[in-house]
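# Coordinate analysis (summary)
The lines below spell out each chain.
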Amino acid sequence: AGLIPWDRIAVGTVDQAGTGFVERYSGGPRIEGRGPDRRLPLEGSVTRHILETRETLVWSDANGASDLTEQFPAAAPILESGVRSFVAVPLVVSDRPSGVLHCNSYATDTYTARHVELAERVGAQIAGAVANAELHVTVDRQAHEEAVLAEIGRAVSSTLDTEEVYDTVAKRIRELVAFDWIHV
């Protein structure tokens, strides 16, 4: 019915460290271990390949699922969910790959050359908006970090009660860094 057929679609972006990706949007059935804002490692992923080569990848299980999972072990959950073909398109802004558009189908040999061309055009059109959204997320995170650091500074300078200072500092640091135990 649509221009590009899909049973599941997702847009993933590279995390700040450049070692993982975050699925920022997904439509269609949920896949175990995947979902909005879930960080996944780039190692062994189709996404890493797309980001490194900056080339679209089209796959169908007519080509052999075992070959795909040997090359991209991180693709196993996608295939186990029933996906039998996909097209993955790089999102490039200012000659910098920042994400990938994934269209997945439960049917074999879904994607024609025309579908690939359309997916690449869509990817080119959304790449800027996706990069701007990532920039917004980064700016929001940095603003929150600055606010927490400012509150820690106020707590340290507002009282001589060291227990109160330590409690406030520990509570606020927890907003920035996950920990089970803190020692000051």
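Our structure is the block above this text.
The following refers to the structure shown. On a predicted model such as this, the values are computed, not experimentally measured, just so you know.

Turning next to the packing of aromatic side chains. A full pass over the atoms with the stated rule returns one aromatic pair. One residue, Arg 174, lies across the ring of Phe 179, its end atom 4.2 Å from the ring centre.

So, on to the nonpolar core. Soluble globular proteins tend to pack their nonpolar side chains together in the buried interior. By size, the foremost hydrophobic cluster in this structure holds 15 residues, and its most contacted members are Val 46, Ile 50, Leu 57, Leu 68, Phe 72, Phe 86 and Ala 88. Every element with two or more residues in this core is listed here: α1 (46-53), β4 (57-60) and β5 (85-93). When residues of this core are assigned to their parent elements, the largest contribution, three residues, is made by α1. What Ala 88 contacts, discounting residues up to four positions off in sequence, is Val 46, Ile 50, Glu 55, Thr 56, Leu 57, Val 100, Leu 101 and His 102. With 14 residues, the next largest nonpolar core counts Ile 9, Val 11, Leu 91 and Ala 119 among its residues.

Take Asp 61: it is sitting in the loop between β4 and α2 (65-71). When its relative accessible area of 23% is taken as the criterion, Asp 61 is described as partly exposed. Sequence spacing of Asp 61 and Arg 30 is 31 residues, and the spatial spacing of their C-alpha atoms is 20 Å. Here Thr 108 takes part through its side chain, which lies 2.9 Å from a polar atom of the side chain of Asp 61.

This brings us to helix α5 (residues 162-176). Every α-helix winds through 3.6 residues per turn, so residues three or four apart in the chain are directed the same way. With 15 residues, α5 extends 21 Å between its outermost C-alpha atoms, agreeing within 8% with the 21 Å of an ideal straight helix rising 1.5 Å per residue. Where α5 is concerned, the buried positions are Val 165, Val 169, Ala 170 and Arg 172. The elements touched by buried residues of α5 are α4 (113-158). Where α5 starts, the residue carrying a side-chain oxygen 3.2 Å from the main-chain nitrogen of Glu 163 turns out to be Asp 161.

Conventions used here
- Residues numbered from 1 in each chain as written.
- Predicted model: local features only at pLDDT ≥ 70, side-chain atom pairs only at ≥ 80, totals over all residues.
- Heavy atoms only, no water.
- Phe/Tyr/Trp six-rings, centres within 6.5 Å; stacked < 30°, edge-to-face > 60°.
- Lys NZ or Arg CZ within 6 Å of the ring centre and 35° of its normal.
- Core = buried A, V, L, I, M, F, W, Y, C linked by side-chain atoms within 4.5 Å.
- Buried < 20%, exposed > 50% of the residue type's maximum accessible area, 1.4 Å probe, protein only.
- Helix = DSSP H or I, 4+ residues; strand = E, 2+ residues; numbered from the N terminus.
- Contact = heavy atoms within 4.5 Å.
- Polar contact = N/O pair within 3.5 Å; in protein donor to acceptor, adjacent residues only side chain to side chain.
- Expected span 1.5 Å × (residues − 1).

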